[in-house]
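# A look at the structure
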Amino acid sequence: QQQVKQSPQSLIVQKGGISIINCAYENTAFDYFPWYQQFPGKGPALLIAIRPDVSEKKEGRFTISFNKSAKQFSLHIMDSQPGDSATYFCAASILDAGKSTFGDGTTLTVKP
Amino acid sequence: DAGVTQSPTHLIKTRGQQVTLRCSPKSGHDTVSWYQQALGQGPQFIFQYYEEEERQRGNFPDRFSGHQYPNYSSELNVNALLLGDSALYLCASSLTGTNTGELFFGEGSRLTVL
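Source: prediction; values computed, not measured. (Residues numbered from 1 in each chain as written. Chains lettered and ligands numbered in written order. Predicted model: local features only at pLDDT ≥ 70, side-chain atom pairs only at ≥ 80, totals over all residues. Heavy atoms only, no water.)

### Observations regarding the sheet that holds strand 7 (residues 64-68) of chain B
Residues and elements named next belong to chain B. To keep it simple, the criterion reads: Pairs of strands are assigned from DSSP output, requiring at least two bridges between the strands. What counts as a helix is a DSSP run of H or I of at least four residues, what counts as a strand is a run of E of at least two, and both are numbered from the N terminus. As a rule, the C-alpha atoms of each element are fitted with a line to give its axis, helices using only the stretch in contact, and angles between N-to-C directions run from 0 to 180 degrees.
In space, the four strands of this open sheet follow the order 1-3-8-7, with antiparallel pairing throughout. Among the strands making up the open sheet, the edge pair consists of strand 1 (5-7) and strand 7. Each strand of the sheet is rotated relative to its neighbour by a mean of 20°, with strand direction disregarded. Judged from the five bridges that link them, strand 3 (residues 19-24) and strand 8 (residues 74-78) form a sheet pairing that is antiparallel. Across the sheet, residue Thr 20 finds its bridge partner in strand 8, namely Asn 77.

So, in structure tokens, the structure goes:
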């Protein structure tokens, strides 16, 4: 049973456009929702994270929108740049409880 | 400040063999988690070590085992390798008790089973 579902699988955006990636979760005990960015040959790196007591968090060009009642959250990348081309993973976990559950990833390509 | 380091970066094994992967956590971190990332998929949790004990385990068979040393470094052992064990194995470190949730990943060990 996949507890975190991510879409789309791949995304192509023009430079300067907005990239939107969506995730849905099932376990209402999750209380930490991070997004990771992974470049080829590298491990995932934390991009931005949110807890369920807020509906939105913004860091620079990256914003997480969180809908607790719908059990969904999304990543918005404003003014997308070719350097943003990477694979993005959403995840969910229970803080300090151990494992993080990851989505299957979205490969983002930003065309110049 | 050294990040998470893993070794080896790449290795090739044959079916039935055994493999040991190693991880040194980020300086100051005391908790190590291991993940398996198959091609085109997200990381899957194998297990987590804290205070030299396995604290939590994902849905992986007993062929997967681990160890954590007093200096917080960790090993992942896989016995009786199967073709399906071919994947990128990621080590992630964190600091228990800070309630931040952030995982710091290494660059992984790419295992190919022939």
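Past the structure itself, the notes keep going.
### A look at the packing of aromatic side chains
Two numbers describe a pair of aromatic rings. These are the distance of the centres and the angle of the planes. Rules: Paired rings are identified among Phe, Tyr and Trp, the last through its six-membered ring, by centres lying within 6.5 Å, and are further divided according to the angle between planes into stacked (under 30 degrees), edge-to-face (over 60) and tilted (the rest).
Scanning the model with the defined rule gives 17 aromatic pairs over all chains in all. Between A:Trp35 and A:Phe73, the ring centres sit 5.7 Å apart and the planes meet at 65°, which makes this aromatic pair edge-to-face. Separated by 38 residues along the polypeptide, A:Trp35 in strand 4 (residues 33-38) and A:Phe73 in strand 8 (residues 72-77) bring together distant segments of the chain. Seen in terms of ring centroids, A:Phe102 and B:Phe105 are 6.1 Å apart; in terms of plane orientation they differ by 75°. Their pairing is edge-to-face.

### Topic: the interface of chain A and chain B
As a reminder, the rule being used: Whether two residues are in contact is decided by their heavy atoms, any of which lying within 4.5 Å being enough. Here the quantity called buried area is the accessible surface, traced with a 1.4 Å probe, that two parts lose on coming together, added over both. Salt bridges, as used here, are contacts in which a Lys or Arg side-chain nitrogen is within 4 Å of a carboxyl oxygen on Asp or Glu. Identification of polar contacts relies on pairs of N or O atoms within 3.5 Å, with a donor-acceptor requirement for protein atoms, meaning one able to donate a hydrogen and the other able to accept it, and with residues adjacent in sequence counted only if both atoms are side-chain atoms.
Each side of the interface is counted separately: chain A has 19 residues, and chain B has 23 residues. Each partner contributes to the roughly 1700 Å² buried at the junction of chain A and chain B, and carbon and sulfur atoms together form 46% of this total. If you look at where chain A meets chain B, you find one salt bridge. Linking B:Glu107 and A:Lys42 is a salt bridge whose minimum nitrogen-to-oxygen distance equals 2.9 Å. Taken together, the connections running from chain A to chain B amount to five residue pairs in polar contact (both at pLDDT 80 or more). Only strand 4 and strand 10 (100-102) of chain A provide two or more residues apiece to the side of chain A that touches chain B.

### So, the pairing of strand 3 of chain B
As defined by bridge partners, strand 1 of chain B adjoins strand 3 of chain B across three bridges and the pair is classed as antiparallel. Residue pairing in the sheet places B:Gln6 in a bridge with B:Cys23 of strand 3 of chain B.

### A look at unusual backbone geometry
Looking along the chain, the bond that leaves A:Ser7 and enters A:Pro8 is cis, with omega of -5°. Mapped onto the fold, A:Pro8 is located in the loop between strand 1 (4-7) and strand 2 (10-14). A cis geometry characterises the amide bond from B:Ser7 onward to B:Pro8, with omega recorded as -10°. Mapped onto the fold, B:Pro8 is located in the loop between strand 1 and strand 2 (10-13). For A:Asp79, which is not glycine, the phi dihedral falls at a positive 45°. A positive phi is found at B:Tyr72, a non-glycine position, where the angle reads about 80°.

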